[in-house]
Amino acid sequence: MVKKNVPDWLNSSLWTTAPSSPSPSSSDDPSKPAISPSKTTGEPNFEPPIPVRPPTVTREEQPPPPPPSLSQKPEIKDKNSRTSITSNANSSSSSSIDKDEDRDGENGASPAAGPSAEDITKQAQLLTELSKKVVNVKELRKIASQGLPDGAGIRSTVWKLLLGYLSPERSQWSSELAKKRSQYKIFKDELLMNPSEITRKLEKSTLDDEPKSESRCVLSRSEITHDEHPLSLGKTSVWNQFFQDSEIIEQIDRDVKRTHPDLHFFCGDSSFANSNQEALKSILVVFAKLNPGIRYVQGMNEILAPLYYVFKSDPDEDMAACAEADTFFCFVELLSGFRDNFCQQLDNSVVGIRSTITKLSQLLKEHDEELWRHLEITAKVNPQFYAFRWITLLLTQEFNFADSLHIWDTLLSDPEGPQETLLRICCAMLILIRRRLLAGDFTTILKLLQNYPPTNIRHLLYVANKLRHVPTC
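Residues numbered from 1 in each chain as written. Predicted model: local features only at pLDDT ≥ 70, side-chain atom pairs only at ≥ 80, totals over all residues. Heavy atoms only, no water.

Named according to an unreviewed UniProt entry, the chain is Rab-GAP TBC domain-containing protein originating from Linum tenue.

### With respect to the overall build of the chain
From N to C terminus, the chain includes 20 helices and 0 strands. Looking at the chain residue by residue over its 473 residues, the buried ones come to 50%. Contacts spanning at least 24 positions in sequence make up 78% of the contacts within the chain whose residues lie at least 6 apart. Surface accessibility of the chain: about 23,300 Å² in total, with carbon and sulfur atoms responsible for 52%. (Helix = DSSP H or I, 4+ residues; strand = E, 2+ residues; numbered from the N terminus. Buried < 20%, exposed > 50% of the residue type's maximum accessible area, 1.4 Å probe, protein only. Contact = heavy atoms within 4.5 Å. Areas by Shrake-Rupley, 256 points an atom, 1.4 Å probe, with all protein chains shown as cover.)

### Let's talk about the nonpolar core
Among the nonpolar cores identified, the biggest contains 107 residues, and Phe266 and Phe331 are the most heavily contacted of them. With 10 residues, helix 17 (residues 418–432) is the largest single contributor of residues to this core. Setting aside chain neighbours within four positions, we find Phe331 in contact with Ile283, Leu284, Phe287, Met300, Ile303, Leu304 and Leu307. (Core = buried A, V, L, I, M, F, W, Y, C linked by side-chain atoms within 4.5 Å.)

### Comments concerning the environment of Lys466
You can see Lys466 is positioned in helix 20 (residues 457–466). As a C-alpha pair, Lys466 and Arg424 span 42 residues in sequence and 8.9 Å in three-dimensional space.

### Concerning helix 15 (residues 384–392)
Among all positions of helix 15, only Tyr386, Ala387, Trp390, Ile391 and Thr392 are buried. Residues of helix 15 that are buried make contact with helix 10 (300–312), helix 13 (353–367), helix 14 (369–378), helix 17 and helix 19 (442–450). Of the residues trailing helix 15, Leu394 is marked for its positive phi of about 55 degrees.

### Topic: the confidence of the model for the chain
In low-pLDDT regions, the fine details of the predicted coordinates are not to be read closely. Of all residues in the chain, 63% attain a pLDDT of 70 or more, and the chain-wide mean is 75. For the stretch residues 11–112, pLDDT sits under 50, and the model shows 236 contacts to residues farther than four places along the chain or on other chains. Low confidence marks residues 212–221, where pLDDT is under 50. Its contacts with residues over four positions away, or in another chain, come to 2 contacts. (pLDDT = per-residue confidence, 0-100.)

### Here we look at the side chain of Ser361
With respect to the helices and strands, Ser361 occurs in helix 13. Classification of Ser361 by relative accessible area gives buried; the value is 11%. Within polar-contact distance, the side chain of Ser361 engages the side chain of Glu376 at 2.6 Å. Those residues in contact with Ser361 that sit more than four places away from it in its chain are Trp372, Glu376 and Pro383. (Polar contact = N/O pair within 3.5 Å; in protein donor to acceptor, adjacent residues only side chain to side chain.)

Here it is as structure tokens:
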């Protein structure tokens, strides 16, 4: 079979390393969060370590300095900062290998036994950058684009900076964090209150305003206005709004209970898992009430979960205790870049989800026309059949949880914004399994793309980064 438009940069000896024997699963260690083993079997040794708190590093060299305290708060970061993303440092290897073997990407990475030398060096660089009075966000993006090491609360801090929740000026962190967390508490107090509680509050306020002489002698009778009556159907009725919200709250409750059922962090009978579920529900309900144009759309819980997991797993107990409030504002910021994908009225517009999927199709055609032609013309596979979930859920369902965090490091750090990076990663996913796709018909292709095979995440991100450049004819 003749292959067309196969870029030479895919030929690299870097990706031919034979997989090492897998080390013991992280589930053997009860101190580590239970991460689903799905889609990790038989991967090469490039997978980022499972996101757990950092193990003690026994080395002769001086350990990196402690992470900067985050008990300080942020101002919104400048979103216009731009920086180029460096390609994988290992991409200098240029020896040729079999392209199909490289593209299949089915040789995953075996779980890392501990932090690698590269991770330790990167952690030291990040801690140095985060300890500065003014964090260089461009430099931070450059480092984070290659993946973040787990531990020391680094990912939690970096994500907050990349999402604009923390200001580059560390002196502002304390006051801004306090301000935002206080604001979230007000949101909860006002928006999660039962109408009966609202009425009682109004009654108490009215009684407090009455002259004492009258309140002693006259029995007060509350006047129930039309809008405050439980049977009122008025648009401004708090009860009518309450019953409408109840349907959304029930949907949120069902979805939250289905969030990552393989992780004890989110599911199970423990009080810890239950409290995490309650936090997710509160965030989604508050978001729905503050955004009536979108409200809640199924799948938002899957986007929320990685943010909350990272912030709640922060080794700084004060930061972990405020994970719910921090997650809410970061969730709002992240979703602002994908808002149109969740608005059904915009589905067929130039900014809707169908338009976004069309951009993915065009991107594949630019970089691998042979594959594009086979998928959409020969096999007649509509990209909406697989790309809708990839894009709307930000790939959280296509890879195991640990790999999703690594992909998000790249998504959040890209100066062009997460949308364009997401499309490049989706395109790279197709290119990496092109041989199997070219050999398949409609049924086998759809089954493969709806259940994406295990892959080397670093290789996937490396290929996605190469797709920045328009191919030369």
